[in-house]
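Structural description and commentary
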Amino acid sequence: MEHHSASIGVLVVGVGFIAEQHIAAIHADPRSHLAGIVDVDAARAAGAARANGGVPWWTDLAEALARPEIDACVVCTPNFTHTPIAVAVAESGRHLLIEKPLATDVAGARRSAAAFAAANRVLMPAHTHRCYDYARTVKEAVGELGRPEFVRLAILGGWIWPDWRAWVLDPARSGGHALHNGVHLLDLVTWWTGDRPETVYARGRKQTAAELGIHDYLEMTVGFAGGATAVCEMSRGHRPSSFAARDVLVVGEEGILTLPADAEGGTIVDESGTGTLAPAGTNGFAVQLGAWIEAIGGAEPLMTPDDGVLAVAMGVAAERSIATGVPVRIDDVLTEAGA
Ligand SMILES: NC(=O)c1ccc[n+]([C@@H]2O[C@H](COP(=O)([O-])OP(=O)(O)OC[C@H]3O[C@@H](n4cnc5c(N)ncnc54)[C@H](O)[C@@H]3O)[C@@H](O)[C@H]2O)c1
């Protein structure tokens, strides 16, 4: 394949469920091309390489990072592998877009952030929901609504993971569901309000089966320093398993925004009347990849390493709140992990 010299050669590490979306975005963006694939599972690496024009593949990350055609990495491996892989990528001098959560604990997230700061390379945690139309619609509308006072976000689904993804059911490897998937909501409400989260109060339920090691249904309430409250509901336990729904309500000082479950646009109600927000029709993974490529080029990053560290702290706080039954202070989680 011929590529423009400015095109970034991207190594994708971990080709399971979500890598396909990243690979499609890499192919679709003229500023990047797929330069290789790594997976500890040789059959999966070879299969993905074959499906993508016969790009080179490796089972050993260090071997791949020794290759000069690799400019940057997209990491889509299980959560517990994120920190050692991120540190290796930083030490090799490559930029990184890494799947959420940045790590399974705050200390690991900070190690990755520090490694990229030392290497002077871009680290972007993939809080993909920020790149979806519905989330960008809310972010853009927040100014019009005035200071957010209350946010309600529900993301409900019915699928629980079988096959090789058993790691997602193991809290030691996923960090628990409030971190693993709850982090999408915790990050989003923080980004929307633009405020500093102080506390997380959470409850979890094992909806699909009492034997589950994780909570497949979560209620998480975030208290912000500026006075706003966010109520988040996250489920993978609804039936039928194909069920998927999302609901957003943002109450600002000046107006109220609602987004219907089946649309990316929304409605704003304020003293001047009711206005509609048009959906943009973009692909979230393409927007995310584009933001990363632009950050590599020197633009303001859409998601910073600090955002990733904070999101991990919020997920850890939610897990702890579920375990203890009381609200957990984010500062306590951040402080005990060392400044
Ligand atoms: N942004 C999103 O919307 C979104 C959606 C789904 C998953 N994710 C995240 O993406 C990551 C991957 O999730 P998934 O569902 O694709 O998992 P998966 O289990 O389907 O795939 C992970 C792949 O990584 C490989 N792997 C495991 N350890 C490895 C290592 N040390 N080095 C190289 N390869 C390794 C596995 O063999 C597998 O092919 C997780 O961090 C998850 O939280 C994000």
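Residues numbered from 1 in each chain as written. Predicted model: local features only at pLDDT ≥ 70, side-chain atom pairs only at ≥ 80, totals over all residues.

1. Here's the deal with the overall build of the protein
- Broken down by element type, the protein carries 12 helices and 15 strands.
- For the protein, the C-alpha radius of gyration of 20 Å lies close to 20 Å, the compact-globule estimate for 339 residues.
- Each of the three principal axes of the protein carries a C-alpha extent, and together these read 55 × 45 × 45 Å.
- Burial analysis of the protein (339 residues in total) assigns 47% to the buried set.
- Taking the intrachain contacts of the protein between residues at least 6 apart in sequence as the baseline, contacts between residues at least 24 apart amount to 71%. (Helix = DSSP H or I, 4+ residues; strand = E, 2+ residues; numbered from the N terminus. Rg over C-alpha atoms; globule rule 2.2 N^0.38 Å. Buried ≥ 20, exposed ≤ 12 C-beta atoms within 10 Å, placed from the backbone. Contact = placed C-beta atoms within 7 Å.)

2. Examining the site of the ligand
- Neighbouring the ligand are 24 residues, the closest being Gly14, Gly16, Phe17, Glu99 and Thr128.
- Here the residues of the shell around the ligand are counted per class, giving 11 nonpolar, 7 polar and 6 charged. (Near = placed C-beta within 6 Å. Nonpolar A, V, L, I, M, F, W, Y, C, P; charged D, E, K, R; others polar.)

3. Description of the domain arrangement of the protein
- One can read the domain layout of the protein as domain 1 (8–128 + 288–303) and domain 2 (129–282 + 312–336).
- Just the C-alpha atoms count here: the centres of domain 1 and domain 2 sit 25 Å apart.
- At the junction of the two partners, domain 1 supplies 19 residues and domain 2 supplies 19 residues.
- For the side of domain 1 that touches domain 2, the secondary structure elements donating two or more residues are helix H5 (106–119) and helix H10 (284–296).
- Partitioning the side of domain 1 that touches domain 2 into residue classes produces 11 nonpolar, 6 polar and 2 charged. (Domains from an automatic or database assignment.)

4. Describing helix H2 (residues 42–51)
- If you check which residues of H2 are buried, you get Ala45, Ala48 and Ala49. One face of H2 carries all of its buried residues, which in axial projection span an arc of 100°. The exposed set on the far side of H2, more than 90 degrees from its buried face, consists of Ala43 and Arg50.
- Looking at the packing, one finds that the buried side of H2 touches strand E2 (32–38) and strand E3 (57–58).
- Once H2 ends, the next one or two residues include glycine 53, with phi positive near 80°. (Arc of directions from axis to C-beta.)

5. Concerning the pairing of strand E6 (residues 123–126)
- The alternating pattern of E6 places Leu123 and Pro125 and Met124 and Ala126 on opposite faces, both of which are buried.
- In this sheet, E6 lies alongside strand E5 (residues 95–99) in parallel orientation, the contact comprising 4 bridges. Counted as the bridge partner of leucine 96 is leucine 123 from E6.
- In terms of handedness, the path from E5 via H5 over to E6 forms a crossover that is right-handed. (Pairing = 2+ DSSP bridges. Right-handed = clockwise from strand over helix to strand, strands pointing away.)

6. Some remarks on the packing of helix H1 (residues 19–28) against H10
- Where H1 meets H10, the closest approach of the two axes is 9 Å, and the angle between their N-to-C directions is 65°. Where H1 crosses over H10, the two elements pack in a sense that is right-handed. In contact with Gln21, His22, Ala24, Ala25, Ile26 and Ala28 of H1, H10 contributes Phe285, Ala286 and Leu289.
- Class assignment of the residues belonging to the contact of H1 with H10 gives a composition of 7 nonpolar, 2 polar and no charged. (Axes fitted to C-alpha atoms, helices over the stretch in contact; angles between N-to-C directions. Left-handed = near helix turned anticlockwise from the far one by under 90°.)

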